[in-house]
Amino acid sequence: MITAALRSAEPRAPRWTGIASDASAIGDVAADCLVLELETWPKPGLVSHVDNGSHDDMDVDTFRRSAAAIRPHFQRLADAGALGCGMGRLRIIGLEAERAMLAATSGVNTHRGAIFGLGLLCAAAGAKAGGLVDPALPLGHVVARLWGRSILDGPVLLHSHGSAVRRRFHAGGARIEAAQGFPSVYRIGLPALRRRAAPDDVESARVEACFALIASVEDTNLLHRGGLEGLRFAHRAARRFIDVGGVRADGWRARARSIHEDFVARRLSPGGSADLLAMTLFVDAHERTGR
């Protein structure tokens, strides 16, 4: 069982026996990917099973409660995708998932970005399971094809941190990423995840993907916390880690931990990259077993 494996010291990668034959597993796989992201360390500035990173208001248990609360909503999004529902219905389910998250975390926003991005990928997996699109299409392409225009035309949360950052710095953010089919997942996250140092070291592959995403993504969470200088610092630090060999270089874990501590000292937290890491894990699981 997926959930049983996730209780072990090193969680097993989420699996399904095949999207077409087991569409009911989509929500479980998505939630398990959130737990895999959580149980990855070192991740600069981010909450993990080791420490709270740059956060005072949330910890590993907060994230576990959140993942459990939104798990059934991911499946509802997959089911909606299989039925051919439009973006309006997906938004309603997403808002209900947010309410469940906030109830489970006493009002702390742990996974709003993941509900949006990973939720759309669940809906895309559902659409493929329901035979609504070419089964050879990548999930990101399905999102862009079915809902891309509606994503761009949808309502904006004027008072959210992400919206404020996008207005101030003219950053693209999660909405553009989703409407374009999640290019950061396919061009950055997946290649990094798949160039692992050793076949049996799956955590190091997740660390590599996380650093690669931080090095390249215009993360609105970093802009919110540290402005342009914070974003540039994060890009430089993560890029140096990758350029000297990443997780394939000797002493990589000590270097990654040092960068993590530098992020914490500056109160930087690349939450957008964490969401993209979970999405990368989901897409990887789909492409390995689901077509």
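Heads up: the structure comes first, above all this text.
What you see is a predicted model, and the numbers here were worked out from it, not measured in a lab.

J.: When you look at unusual backbone geometry in this model, what are you seeing that I'm missing?
T.: Trans is the prevailing form of peptide bonds, just as negative phi is the prevailing case for residues other than glycine. The peptide bond linking tryptophan 41 to proline 42 adopts the cis configuration, its omega dihedral lying at 0°. Examined against the element boundaries, proline 42 turns out to sit in the loop between helix H2 (26-38) and helix H3 (60-82). In this structure, serine 106 takes a positive phi of about 60° despite not being glycine. Exposure remark for serine 106: the relative accessible area of 70% places this residue in the exposed category. Phi at arginine 267 takes a positive value of approximately 60°, unusual for a residue other than glycine. According to the relative accessible area criterion, arginine 267 is partly exposed, its value standing at 32%.

J.: Looking at this model, I keep getting lost on the side chain of glutamate 208. Mind explaining?
T.: Secondary-structure assignment places glutamate 208 in helix H10 (residues 202-216). In this structure glutamate 208 touches Ala192, Arg195, Phe241, Ile242, Gly246, Val247 and Arg248, once residues within four positions along its chain are discounted.

J.: Sorry, what's going on with the pattern of salt bridges here?
T.: A side chain of one charge can pair with a side chain of the opposite charge if their charged atoms are brought near each other. Within this structure, the stated rule accounts for 17 salt bridges. Ionic pairing is found between glutamate 229 and arginine 236, a salt bridge with its closest N-O pair at 3.2 Å. In this structure, arginine 257 and glutamate 261 form a salt bridge, with 3.3 Å as the shortest nitrogen-oxygen distance. One end of the pair, arginine 257, and the other, glutamate 261, are both in helix H12 (residues 252-265), 4 residues apart, so they sit about a helical turn from each other. One network of salt bridges, in which partners are shared, links Arg194, Asp284, Glu287 and Arg288.

J.: Is there a simple way to explain the packing of H10 against H12 in this structure?
T.: Axes are the key here: two packed helices are described by the angle between their axes and the distance separating the axes. Interaxial distance between H10 and H12 falls to 12 Å at its minimum, and their mutual angle equals 45°. Taken together, the axis directions place H10 and H12 in an arrangement best described as oblique. Where H10 crosses over H12, the two elements pack in a sense that is left-handed. In this structure, H10 uses Glu203, Ser204, Val207, Phe211 and Ile214 to contact H12, whose residues at the interface are Trp252, Arg253, Ala256, Ile259 and Phe263. Partitioned by chemical class, the residues of the contact of H10 with H12 number 7 nonpolar, 1 polar and 2 charged.

J.: What is the right way to read the environment of leucine 102 from this model?
T.: For leucine 102, the position within the fold is in helix H4 (residues 87-104). As for leucine 102 and isoleucine 70, which are separated by 32 residues in sequence, their C-alpha atoms are 9.9 Å apart. Ignoring anything within four residues of it in the chain, the contact list for leucine 102 reads Gly107, Val108, Asn109 and Arg112.

J.: Looking at this structure, I do not really get the packing of aromatic side chains. What am I missing?
T.: The geometry of an aromatic ring pair is captured by the separation of the ring centres together with the interplanar angle, meaning the angle of the planes. In total, this model carries 2 aromatic pairs according to the counting rule given. Ring geometry for phenylalanine 233 and phenylalanine 263: centres 5.6 Å apart, planes at 50°, overall tilted. Of the two residues, phenylalanine 233 sits in helix H11 (residues 220-243) while phenylalanine 263 sits in helix H12, which places them 30 residues apart along the sequence. The exposure class assigned to phenylalanine 263 is buried, which follows from its relative accessible area of 0%. Taking the ring centre of phenylalanine 233 as reference, the NZ or CZ of arginine 266 above it sits at 4.0 Å.

J.: I'm lost on H4 in this one. Help?
T.: Residues separated by three or four positions in an α-helix point in the same direction, a consequence of the helix having 3.6 residues per turn. End to end, H4 covers 25 Å across 18 residues, agreeing with the expected 26 Å (1.5 Å per residue, within 8%). Packing partners of the buried residues in H4 comprise H3, helix H5 (112-129) and helix H6 (139-153). Positive backbone phi, at 60°, marks serine 106, one or two positions downstream of H4.

The rules behind the values
- Think of each chain on its own: its residues are numbered from 1, step by step along the sequence as written.
- Residue-level local features of this predicted model are given only where pLDDT is at least 70; pairs of side-chain atoms are given and counted only at 80 or more, and the full residue set underlies all totals for whole chains, interfaces and linings.
- In computing side-chain values, all of the structure's heavy atoms are included and hydrogens and water are not.
- In this text, helices come from DSSP runs of H or I with a minimum length of four residues, and strands from runs of E with a minimum of two, each type numbered from the N-terminal end.
- Residue exposure (1.4 Å probe, protein chains only): buried if accessible area is under 20% of the type maximum, exposed if over 50%, otherwise partly exposed.
- Contact criterion: two residues are considered in contact whenever any of their non-hydrogen atoms come within 4.5 Å of each other.
- The working definition used for a salt bridge is a side-chain nitrogen of Lys or Arg within 4 Å of a carboxyl oxygen of Asp or Glu.
- Every angle, taken between N-to-C directions, lies between 0 and 180 degrees, and every axis is a line fitted to C-alpha atoms, over only the stretch in contact when it is a helix.
- Put simply, angles under 35 degrees are roughly parallel, angles over 145 are roughly antiparallel, angles from 65 to 115 are roughly perpendicular, and the rest are oblique.
- Here is the rule for handedness: rotate from the far helix to the near one, and if that takes an anticlockwise turn smaller than a right angle the crossing is left-handed, while a clockwise turn gives right-handed.
- We call Asp, Glu, Lys and Arg charged. Ala, Val, Leu, Ile, Met, Phe, Trp, Tyr, Cys and Pro are nonpolar, and the rest, Gly among them, are polar.
- Geometry of aromatic contacts follows a simple scheme: Phe, Tyr and Trp rings, the Trp one being its six-membered ring, pair when their centres are within 6.5 Å, and the pair is stacked under 30 degrees between planes, edge-to-face over 60, tilted otherwise.
- Ring-over charges, as used throughout, are those where CZ of Arg or NZ of Lys falls within 6 Å of the ring centre and within 35 degrees of the ring normal.
- Any helix carries an expected span of 1.5 Å times its number of residues minus one.

These figures capture arrangement, not role.
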